[in-house]
Amino acid sequence: MADRDDYKIETILITGGAGFIGSNFISYIMGVHPDYRVVCVDKLTYAGSMDNLNAVADKENFQFYKADICDRENIFKIFESEKPDIVVNFAAESHVDRSIENPEVFLDTNIKGTAVLMDACIKYGIKRFHQISTDEVYGDLPVDRPELLFTEETPLRPSSPYSSSKAAADLLVMAYHRTYGLPVTISRCSNNYGPRQFPEKLIPLMVFNTISDKTLPVYGQGINVRDWIHVDDHCRAVDMIIHHGRDGEIYNVGGSNEVANIDIVKLICRTLGKPESLITFVPDRKGHDLRYAIDSSKLRNELGWHPEVDFEAGIRETIEWYKERYQNIPG
Ligand SMILES: NC(=O)c1ccc[n+]([C@@H]2O[C@H](COP(=O)([O-])OP(=O)(O)OC[C@H]3O[C@@H](n4cnc5c(N)ncnc54)[C@H](O)[C@@H]3O)[C@@H](O)[C@H]2O)c1
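As the structure is a prediction and not an experimental result, all values here were calculated from the model.

About the criteria used
- Residues numbered from 1 in each chain as written.
- Predicted model: local features only at pLDDT ≥ 70, side-chain atom pairs only at ≥ 80, totals over all residues.
- Heavy atoms only, no water.
- Helix = DSSP H or I, 4+ residues; strand = E, 2+ residues; numbered from the N terminus.
- Rg over C-alpha atoms; globule rule 2.2 N^0.38 Å.
- Contact = heavy atoms within 4.5 Å.
- Areas by Shrake-Rupley, 256 points an atom, 1.4 Å probe, with all protein chains shown as cover.
- Lys, Arg positive; Asp, Glu negative; His and termini not counted.
- Charge placed at Lys NZ, Arg CZ, Asp CG, Glu CD.
- Salt bridge = Lys/Arg side-chain N within 4 Å of Asp/Glu carboxyl O.
- Buried < 20%, exposed > 50% of the residue type's maximum accessible area, 1.4 Å probe, protein only.
- Patch = residues over 30% accessible without salt bridge, like charges linked within 9 Å, V, L, I, M, F, W, Y side chains within 5 Å.
- Core = buried A, V, L, I, M, F, W, Y, C linked by side-chain atoms within 4.5 Å.
- Expected span 1.5 Å × (residues − 1).
- Axes fitted to C-alpha atoms, helices over the stretch in contact; angles between N-to-C directions.
- Left-handed = near helix turned anticlockwise from the far one by under 90°.
- Phe/Tyr/Trp six-rings, centres within 6.5 Å; stacked < 30°, edge-to-face > 60°.
- Lys NZ or Arg CZ within 6 Å of the ring centre and 35° of its normal.
- Pairing = 2+ DSSP bridges.

(A) Region of interest: the overall build of the protein. Regarding its fold elements, the protein presents 10 helices and 13 strands. The C-alpha atoms of the protein give 19 Å as radius of gyration, which agrees with the globular expectation for 331 residues (20 Å, within 12%). Dimensions along the principal axes, computed over C-alpha positions, put the protein at roughly 55 × 45 × 40 Å. Partitioning the intrachain contacts of the protein with sequence separation of at least 6 by distance along the chain shows that 83% fall at a separation of at least 24. Summing over all exposed atoms, the protein offers an accessible surface of approximately 14200 Å²; the carbon and sulfur share of this is 50%. A distance of 2 Å separates the average location of the 36 positive side-chain charges in the protein from that of its 50 negative side-chain charges.

(B) Region of the structure containing the pattern of salt bridges. Scanning all chains against the criterion turns up 18 salt bridges. When the shortest N-O distance is used, the salt bridge between lysine 43 and aspartate 68 registers 3.4 Å. Pair noted here: lysine 43 is in the loop between strand S2 (37-42) and strand S3 (62-66) and aspartate 68 is in the loop between S3 and helix H2 (72-82), with a separation of 25 residues, a long-range link. Classification of lysine 43 as partly exposed rests on a relative accessible area of 37%. Ionic pairing is found between arginine 246 and glutamate 249, a salt bridge with its closest N-O pair at 3.6 Å. Each of the salt bridges in this network shares a partner with another, and the network as a whole consists of Arg246, Glu249, Lys298 and Glu302.

(C) Structural view of a nonpolar patch on the surface. Taken together, Val143, Ile223 and Leu290 make up a surface patch of nonpolar side chains, about 220 Å² in accessible area. Mapped onto the elements, isoleucine 223 comes out in the loop between strand S8 (216-219) and strand S9 (225-227).

(D) Structural view of the nonpolar core. Judged by nonpolar contacts, the single largest core of 27 residues is most densely connected at Ile12, Phe25, Ile26 and Phe62. For this core, the elements supplying multiple residues, two or more each, are strand S1 (11-15), helix H1 (20-32), S2, S3, strand S4 (86-89) and helix H7 (231-244). When residues of this core are assigned to their parent elements, the largest contribution, 7 residues, is made by H1. Excluding anything up to four places from it in sequence, phenylalanine 25 contacts Ile12, Ile14, Val88, Phe90, Cys235, Val238, Asp239 and Ile242.

(E) Structural detail: helix H8 (residues 261-272). Taking 1.5 Å as the rise per residue, H8 with 12 residues should run 16 Å; its terminal C-alpha atoms sit 17 Å apart, in good agreement. Buried residues of H8: Asn261, Ile262, Ile264, Val265, Leu267, Ile268, Cys269 and Leu272, and no others. Contacts made by the buried residues of H8 are with helix H6 (202-211), S8, S9, strand S12 (258-260), strand S13 (279-282) and helix H10 (311-326). Phi turns positive one or two residues past the end of H8, at glycine 273, with a value near 65°.

(F) Just the packing of H2 against helix H4 (residues 104-123), in detail. The interhelical angle for the contact between H2 and H4, taken along N-to-C directions, is 40°, at an axis separation of 10 Å. Where H2 crosses over H4, the two elements pack in a sense that is right-handed. Taken together, the residues of H4 that come into contact with H2 (itself represented by Arg72, Ile75, Phe76 and Phe79) are Val116, Leu117, Asp119, Ala120, Cys121 and Lys123.

(G) Quick look at the packing of aromatic side chains. One pass over the full model with this rule turns up 12 aromatic pairs. With centroids separated by 5.0 Å and ring planes inclined at 85°, the aromatic side chains of tyrosine 46 and phenylalanine 198 adopt a geometry described as edge-to-face. Remark: phenylalanine 198 occurs in the loop between strand S7 (192-193) and H6 and tyrosine 46 occurs in the loop between S2 and S3; sequence separation between them is 152 residues. Phenylalanine 198 gets classed as partly exposed once you look at its relative accessible area, which sits at 30%. Three or more aromatic residues link up through ring pairs in this structure, and these residues are Phe208, Trp321, Tyr322 and Tyr326. Of note, arginine 98 hangs over the ring of tyrosine 46, and the distance from its end group to the ring centre comes to 3.6 Å. Directly above the ring of tyrosine 251 sits lysine 298, whose terminal nitrogen or CZ lies 4.9 Å from the centroid.

(H) Quick look at the pairing of strand S5 (residues 128-134). Counting buried positions along S5 yields 7 of 7 residues, so the element is predominantly enclosed. Burial of the side chains of S5 extends over both faces: Arg128, His130, Ile132 and Thr134 are buried on one face and Phe129, Gln131 and Ser133 on the other. Relative to S5, S4 runs parallel, the two being bridged by 4 bridges. Note on S5: the bridge partner recorded for asparagine 89 is glutamine 131.

Such coordinate-based values are descriptive only and should not be taken to indicate function.
In structure tokens, the structure reads:
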């Protein structure tokens, strides 16, 4: 498929690029579009790290700004000097448990920060604003109705302060499109796995604890189901959407790969040769979503995307990646 002919990309501004998915996206995009100049804006919260950008930090066509997307003055200054063609917003507070403890920072970054970025996009005539959203905006599905999947038409019914803030941002993105004519797209992806995720999330946390022979805390009975997708497949989807996706459209991205949390944890134990007796069930997360399952047929049919990474191979490689990094850290 040819690139869009109504805009040419020279500079792409990526927020949240020092985090898990953003850093994988930067590596991906600089690999497939070596002619693009990539500008990364990240506040470097606890979840972001310059180590995640080691592979690209010295490249001539890479520029990093430590900045908060809520800081209007600074963000406008960066847009003024960098003049990006398109903006991809990965920056977010992303951990559901933290949002339950302290919702406010989620409202600031995920909603207000998105608005600041879009205001800058309008002022500087950006050709496309792409919002990285999540399948969590749809709420959850029953575990005993496997035929039910989230489509782009599924009503928004978020459960946590995190997913509510992401849903609010999505509504704002569509409102900016309609009210101000800002060219936008949104992608709503399911749970990603892969390297460079902060070790508070299920897979890196469980690998760390398993290696350290610590208990493996699993919420409830571990029956909650997530639709796991390799981060590289997500990155390819975003690349396709920013180049070929239709203005004003939302695209679901999912791995069609539903796995219960308990099975992920058992898989980690098996892969690392540790006993399942490390698993302990802990009181369930408040409002815990039961099941996420994504219908990505719009993305598949319109843009020809499909997940390429085999789950068995991808998850084994991911577990090995964390094992290598964690094995020398004292437990
Ligand atoms: N991880 C998943 O499985 C998943 C699935 C679907 C969608 N998403 C979405 O993808 C995006 C990235 O998720 P992730 O897992 O990589 O998150 P992450 O927490 O690993 O990274 C977030 C990054 O944003 C930066 N950041 C936070 N607040 C900021 C601010 N105010 N200004 C500038 N930078 C700020 C952090 O420093 C960090 O580098 C999020 O929008 C999330 O909602 C994640």
